[in-house]
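# Fold and contact review
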Amino acid sequence: MPHLAEGIARFQREVFPAHAALFAHLATVHRPRTLFIGCSDARVVPELITQTDPGELFVIRTAGNLVPAHTPGADGVVAGVEYAVTVLGVRDVIVCGHSACGAMTALAEGHDLSGAPAVAAWLRHADASLARTAAAGGAGDVAALVRENVAAQLANLATHPSVARALAQGSLRLHGWVFDIAAGAVAEVPAAVAA
């Protein structure tokens, strides 16, 4: 933890003064234009990848960048999506998967998750991703599963009433990305895959 405290001190000493006006503005205004749904993986840092300033992205991070299809009831992901679309009025939603994703690797390779029952239950939100990958002949291929998972999560997003309304009104666009950690590259998920 000392390195985190040192980081905070360095932020307050070196970074914050150069951006004091931005933070003063952000203290009273919250208008991000993009919802970024990415993996919880520590190697995937949305603001770093997109080179955005504080306040530009509304970020939801989940294991495997999973977005449950809409069902009655509330959870943190559903509430975050609804808030971003309905209250903040974001114009774009990005679902970003990434290379070497632990969640997708576990699924593609059939890892035993009996010791992590909550993780196993959460990863059920990728069942459609597994089916799509198998149907395309890519069973066991982690990279293929990552791509298909992005497409499946975009489809899940479209089941949310707030997203469906905004899409119908033409006020929202959905995007699928895959971040290659080793190359630092971002590839769009082709429309044919996202369909």
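Structure report, in brief. (Residues numbered from 1 in each chain as written. Predicted model: local features only at pLDDT ≥ 70, side-chain atom pairs only at ≥ 80, totals over all residues. Heavy atoms only, no water.)

## Brief notes about the overall build of the protein
This is how it is decided: Numbering of helices and strands starts at the N terminus; helices are DSSP runs of H or I of at least 4 residues and strands are runs of E of at least 2. Based on C-alpha atoms, the radius of gyration is set beside the globule rule, defined as 2.2 Å times the residue count to the power 0.38. Exposure categories follow from relative accessible area, calculated using a 1.4 Å probe and restricted to protein chains: below 20% of the type maximum is buried, above 50% is exposed, and the middle band is partly exposed. Whether two residues touch is decided by their heavy atoms; if any such pair falls within 4.5 Å, the residues are in contact. Residue-level accessible areas treat just the shown protein chains as cover; the underlying method is Shrake-Rupley with a 1.4 Å probe. Charge counting treats Lys and Arg as positive and Asp and Glu as negative, with His and both chain ends excluded. Where a charge lies is defined by one atom per residue type: Lys uses NZ, Arg uses CZ, Asp uses CG and Glu uses CD.
Looking only at helices and strands, one finds ten helices and five strands in the protein. Computed over its C-alpha atoms, the radius of gyration of the protein comes to 18 Å, within 12% of the 16 Å expected for a compact globule of 195 residues. Every one of the 195 residues in the protein was classed for burial, and the buried ones make up 36%. Within the protein, residue pairs in contact and separated by at least 24 positions form 67% of the contacts whose partners lie at least 6 positions apart. Element-wise, carbon and sulfur atoms account for 60% of the exposed surface of the protein, whose accessible area totals about 10400 Å². Of the charged side chains in the protein, 12 are positive and 16 negative, and the gap between their average positions amounts to 7 Å.

## Description of the environment of V186
With respect to the helices, strands and loops of the structure, V186 is situated in strand β5 (residues 185–188). Accessibility expressed as a relative area gives 39% for V186, which makes it partly exposed. Spatially, the C-alpha atoms of V186 and A158 are 23 Å apart, while their sequence positions differ by 28 residues. Beyond its immediate chain neighbours, meaning those up to four positions away, V186 contacts I49, W177, V178 and F179.

## A few points about unusual backbone geometry
Phi is mostly negative for residues that are not glycine, and the peptide bonds are mostly trans. Unlike most non-glycine residues, Q51 shows phi in positive territory, near 50°. On the secondary structure map, Q51 appears in the loop between α3 (46–50) and β2 (57–62). Residue Q51 is classed as exposed on the basis of its relative accessible area, which comes to 63%. Phi at N65 takes a positive value of approximately 45°, unusual for a residue other than glycine. Judged by relative accessible area, which is 1%, N65 ranks as buried.

## Let's talk about a nonpolar patch on the surface
Let me state the cut-off plainly: A residue counts toward a patch only above 30% relative accessible area and without a salt bridge, and it is joined to like-charged neighbours within 9 Å or, for Val, Leu, Ile, Met, Phe, Trp and Tyr, to nonpolar neighbours within 5 Å. What counts as a salt bridge is simple: a side-chain nitrogen of Lys or Arg found within 4 Å of a carboxyl oxygen of Asp or Glu.
Residues F11, V15 and F16 make up a contiguous nonpolar surface patch of about 220 Å² in total accessible area. Turning to its location among the elements, F16 is positioned in the loop between α1 (2–15) and α2 (20–26). Given a relative accessible area of 34%, F16 falls into the partly exposed group.

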